[in-house]
Amino acid sequence: MIPFAKHRESSYVGLAVPPLVAALRDAGLAKSDIDAVYCGHSYGGMMTAQRICKEIGLGGIPTVNIDNACSGGASALHQAWEAIALGQIDVAVVIGVEKLTQFGGGTLPLSPEDREVKQGMVMPAVYAMRATRYLYETEATVEDLALVSVKARKHGALNPYAMMRTETTVEEVLASRAVADPLTLMMCCPTGDGAAVVVVMSERAKARLELEGIRVAASVLHSGQVAEGFRDMTKPEITYESAREAYAMAGIEAKDLDMIELHDAFSIAELVYYEALGLAEKGRAVDLLRDGETTFGGRVVVNPSGGLLAKGHPVGASGVAQVVEAFWQLTGQAGARQVDDAKWALTHVTGGGTAGLDHGACTVHIFEAV
Amino acid sequence: MTSPSARVSDSVEMVVPDADLRDGSMIRDFSHGTRLVGTRCIDCGGSALGERSVCSTCVSRNVQVIPLATTGKLYSFTVLHVGNGGESRPLGYVDLDDGVRVLSTLRAGSHALRPEVRVELASDGDEWWFAVMPAAVENER
């Protein structure tokens with residue numbers, strides 16, 4: 001992957017071609033080894049994957065563009081995994097790429113056809129209402145919301161790929177500009193540009209090519225289920241269900257995980273997802289956070305990369321970047337932010353603000369060091 | 001267009017994006033005049049339109065910017081009557097003498113456009129186009 005940043009001088013092609021070339025080089029793959037390409041992005045326009053792949057003369061194979069908002073990159077990985085699991089192909093390239101600087105700042109453009117978007121819904125408002133309700137129902141405070149950002153920035157300071165690489169304090173987070181009460185600017189992920197690429201292959205191809213890597217132990221993709229009436233915004237069913245299915249597929253439990261990259265688009269999300277991923281009982285996520293159980297040296301390191309809050313969140317790229325982080329961690333290549341003896345990793349991204357749904361999409365992957 | 005890379009752990013070399021939007025102009029002043037910008041691969045000799053960071057034939061990053069040929073022949077064309085503020089505009093594919101194909105606005109002057117006519121690059125500031133070569137028209141007669 002490339003460092004996430006405001007790469008104003010790079011197009012979608014300029015962002016994605018270097019990590020694509022590097023991924024093929026690192027895997028020792030020739031173009032002829034690749035059976036299919038899956039590319040996650042939301043704002044790249046028509047044929048983004050093909051525009052990228054033609055630059056290295058990679059063509060004549062199934063190549064698919066996937067928009068699933070913030071889950072696009074991980075959805076692309078899921079499609080690759082599925083095609084391999086079904087025995088349809090042996091080797092796939094998965095690209096996640098997004099260029100948000102094209103919008104010149106502000107909140108993510110959502111579908112103007114959505115009835116809540118017509119009423120002024122934006123992503124910070126979704127999470128802010130989740131936060132308001134969570135603070136109302138539990139012992140959590142705005143200081144806890146700020147503490148999530150402090151932890152993220154502490155991790156991000158160790159990651160040369162992160163947009164935000166300085167540490168911060170609870171006071172500084174609370175004093176930053178109000179975005180959507182109770183969320184301040186520093187409780188919101190920064191928008192930027194990025195690209196990440198992974199190669200996925202069958203056991204057979206891995207043996208033939210004599211490569212090392214990590215094992216995909218679970219790959220789950222869910223859409224949201226509509227609720228026309230009451231919905232508990234502190235219990236996003238889409239993540240609960242996806243995680244439950246992923247643990248069953250991998251044959252492990254939450255307590256077995258060494259690291260997690262979860263979808264902390266806004267700081268409240270991290271607390272809600274501790275519970276949804278089974279790390280804590282409802283309302284008890286703050287105990288883990290306050291006790292340092294989710295940072296280095298704790299029970300499970302959550303977002304060692306700095307997460308979306310520190311690393312940045314180029315929508316379609318994030319899901320693949322999480323997997324790159326898991327790969328580096330499980331292969332002992334994460335440098336200053338290495339999680340000791342990491343064996344099991346989980347990655348999680350949700351996607352989209354859509355009226356009536358928690359989220360439009362949710363992807364959960366579990367990886368095992370081999 | 002590529003930037004230096006840095007090592008971030010013992011085994012991971014940082015990959016940086018290509019600043020491919022930095023200079024979006026397709027023409028540039030080379031020592032022998034204004035030319036379309038192309039890229040040639042030093043490893044395999046493949047050439048392409050525009051400044052590239054990687055060869056689309058052999059995936060080598062060992063590439064260099066070159067000036068492309070100024071003459072070629074028209075492969076096909078159309079006169080476009082949509083967009084461009086309602087003003088019609090001839091547009092065609094030119095196969096340059098060095099083998100690279102380029103989409104270009106065309107200026108036929110008093111000559112009729114048709115496939116296979118010889119055309120030549122012309123420019124005025126940032127604007128560039130291919131014009132039908134009068135000599136070629138004479139030869140065709």
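In what follows, the structure referred to is the one given above.
Predicted model, so just to flag it, every value in this text is computed and none were measured.

Caption draft 1: Structural context of the overall build of chain B. Each helix and strand in chain B was counted, giving one helix and nine strands. What you see in chain B, going N to C, is helices and strands ordered as β-β-β-β-β-β-β-β-β-α. Its C-alpha atoms give chain B a radius of gyration of 19 Å, clearly above 14 Å, the size a compact globule of 141 residues would have. A principal-axis box enclosing the C-alpha atoms of chain B has dimensions of 70 × 35 × 25 Å. In chain B, buried positions account for 35% of the 141 residues. Pairs at least 24 residues apart make up 43% of the contacts formed inside chain B by residues separated by at least 6 positions.

Caption draft 2: The arrangement of the overall build of chain A in detail. Helix and strand counts for chain A stand at 13 helices and eleven strands. Each principal axis of the C-alpha distribution contributes one length, and for chain A these read about 55 × 45 × 40 Å. Counting all 370 residues of chain A, 60% fall into the buried class. Of the contacts made within chain A by residues no fewer than 6 positions apart, 76% connect residues no fewer than 24 positions apart. For chain A, the exposed surface amounts to about 13,800 Å²; the carbon and sulfur share of it is 51%. Between the averaged position of the 31 positive side-chain charges in chain A and that of its 45 negative side-chain charges there is a distance of 4 Å.

Caption draft 3: Structural detail: the pattern of salt bridges. Residue and element names in this part refer to chain A. Under the counting rule described, the total for this entry stands at 28 salt bridges over all chains. Of the charged contacts, one joins Lys282 and Asp232 as a salt bridge, the two residues approaching to 3.9 Å between their closest N and O atoms. In this pair, Lys282 sits in the loop between helix H10 (267-276) and helix H11 (285-290) while Asp232 sits in the loop between strand E7 (214-223) and helix H9 (237-250), placing the two residues 50 residues apart along the sequence. Lys282 sits in the partly exposed class, given a relative accessible area of 34%. Residue Asp287 is joined to Arg284 by a salt bridge in which the shortest nitrogen-to-oxygen separation is 2.9 Å. Judged by relative accessible area, which is 27%, Asp287 ranks as partly exposed. Arg284 gets classed as partly exposed once you look at its relative accessible area, which sits at 31%.

Caption draft 4: Molecular detail of the interface of chain B and chain A. Each partner contributes residues to the interface: chain B has 23 residues there, and chain A has 27 residues. Summed over both sides, the interface of chain B with chain A buries roughly 1,900 Å², with 61% coming from carbon and sulfur. For the chain B face of the interface with chain A, the top three residues by lost area are B:Val15, B:Pro17 and B:Val59, together amounting to 27%. At the surface where chain B touches chain A, the tally comes to two salt bridges. A:Glu55 is the salt-bridge partner of B:Arg52, the closest N and O atoms lying 3.5 Å from each other.

Caption draft 5: Structural detail: the pairing of strand E3 (residues 91-99) of chain A. Residues and elements named next belong to chain A. Among the nine residues that make up E3, nine are buried, leaving the element largely enclosed by the rest of the structure. Along E3, one buried face is formed by Val91, Val93, Ile95, Val97 and Lys99 and the opposite face, lined by Ala92, Val94, Gly96 and Glu98, is buried too. Across five bridges, the pairing between strand E1 (residues 36-40) and E3 is parallel. The partner of Tyr38 across the bridge, within E3, is Val94. Relative to strand E6 (residues 193-201), E3 is paired through nine bridges, and the arrangement is antiparallel. From the neighbouring strand, Gly96 faces E6, where its bridge partner is Ala196.

Caption draft 6: Focus on the packing of aromatic side chains. All names here are of chain B. Counted according to the given criterion, the structure contains four aromatic pairs over all chains. Above the ring of Tyr93, the side-chain terminus of Arg101 is found at 5.5 Å from the ring centroid. Looking at Arg107, its charged tip hangs above the ring of Trp129, at a distance of 3.5 Å from the centre.

Caption draft 7: Representation of the sheet that holds E6(A). All names here are of chain A. The strand order across the open sheet built from four strands is E2-E1-E3-E6, with neighbouring strands paired in mixed fashion. Two strands bound the open sheet, and with one partner strand each, they are strand E2 (63-66) and E6. Averaged over all adjacent pairs, the angle separating strand axes in this sheet is 15 degrees, with direction ignored. The pairing of E1 with E2 spans four bridges and is parallel. Note that in E2 the partner of Gly40 across the bridge is Ile66. With respect to the sheet, helix H1 (residues 12-27) is in contact with E3 and E6, its orientation differing from that of E6 by roughly 30 degrees.

Caption draft 8: Main features of the sheet that holds strand E9 (residues 301-302) of chain A. Residue and element names in this part refer to chain A. Taking strand neighbours across the sheet as the criterion, the five strands line up as E7-E11-E10-E8-E9 in an open arrangement whose pairing is mixed. For this open sheet the edge positions go to E7 and E9, each flanked by a neighbour on one side alone. Alignment of strand E10 (residues 344-351) against strand E11 (residues 361-369), held across eight bridges, turns out to be antiparallel. Each bridged residue has a counterpart across the sheet, and for Trp344 the counterpart in E11 is Glu368. In the packing of helix H3 (residues 72-85) onto the sheet, the strands contacted are E7, E10 and E11, and the crossing angle to E7 comes to about 115 degrees.

Caption draft 9: Structural detail: the nonpolar core. Residue and element names in this part refer to chain A. Membership of the largest hydrophobic core comes to 61 residues, with the highest contact counts inside it found for Tyr127, Leu183, Tyr247, Ile260, Ile268 and Ile366. Dropping the residues within four chain positions of it, Leu183 is found in contact with Pro124, Tyr127, Ala128, Ala131, Leu145, Ala178, Cys188, Phe266, Ser267 and Ile268. In this structure, Ala80, Ala321, Ala342 and Phe367 belong to the second largest nonpolar core, which totals 37 residues.

Caption draft 10: Broad picture of H9(A). Residue and element names in this part refer to chain A. With 14 residues, H9 should reach 20 Å at 1.5 Å per residue; the first-to-last C-alpha distance of 20 Å fits that figure. When we look at burial in H9, the residues that qualify are Ile238, Thr239, Ser242, Ala243, Ala246, Tyr247 and Ala250. Buried residues of H9 fall within an arc of 150 degrees about the axis and therefore sit on the same side. Opposite the buried face of H9, by more than 90 degrees, sit the exposed residues Arg244 and Ala248. Residues of H9 that are buried sit in contact with E7, H10, E10 and E11.

Caption draft 11: Broad picture of the side chain of A:Thr295. Residue and element names in this part refer to chain A. Summarising the element assignment, Thr295 is placed in the loop between H11 and E9. Given a relative accessible area of 10%, Thr295 falls into the buried group. At 2.7 Å, the side chain of Thr295 and the side chain of His155 are in polar contact.

The rules behind these values
- Residues numbered from 1 in each chain as written.
- Chains lettered and ligands numbered in written order.
- Predicted model: local features only at pLDDT ≥ 70, side-chain atom pairs only at ≥ 80, totals over all residues.
- Heavy atoms only, no water.
- Helix = DSSP H or I, 4+ residues; strand = E, 2+ residues; numbered from the N terminus.
- Rg over C-alpha atoms; globule rule 2.2 N^0.38 Å.
- Buried < 20%, exposed > 50% of the residue type's maximum accessible area, 1.4 Å probe, protein only.
- Contact = heavy atoms within 4.5 Å.
- Areas by Shrake-Rupley, 256 points an atom, 1.4 Å probe, with all protein chains shown as cover.
- Lys, Arg positive; Asp, Glu negative; His and termini not counted.
- Charge placed at Lys NZ, Arg CZ, Asp CG, Glu CD.
- Salt bridge = Lys/Arg side-chain N within 4 Å of Asp/Glu carboxyl O.
- Buried area = accessible area lost by both parts, 1.4 Å probe.
- Pairing = 2+ DSSP bridges.
- Phe/Tyr/Trp six-rings, centres within 6.5 Å; stacked < 30°, edge-to-face > 60°.
- Lys NZ or Arg CZ within 6 Å of the ring centre and 35° of its normal.
- Axes fitted to C-alpha atoms, helices over the stretch in contact; angles between N-to-C directions.
- Core = buried A, V, L, I, M, F, W, Y, C linked by side-chain atoms within 4.5 Å.
- Expected span 1.5 Å × (residues − 1).
- Arc of directions from axis to C-beta.
- Polar contact = N/O pair within 3.5 Å; in protein donor to acceptor, adjacent residues only side chain to side chain.

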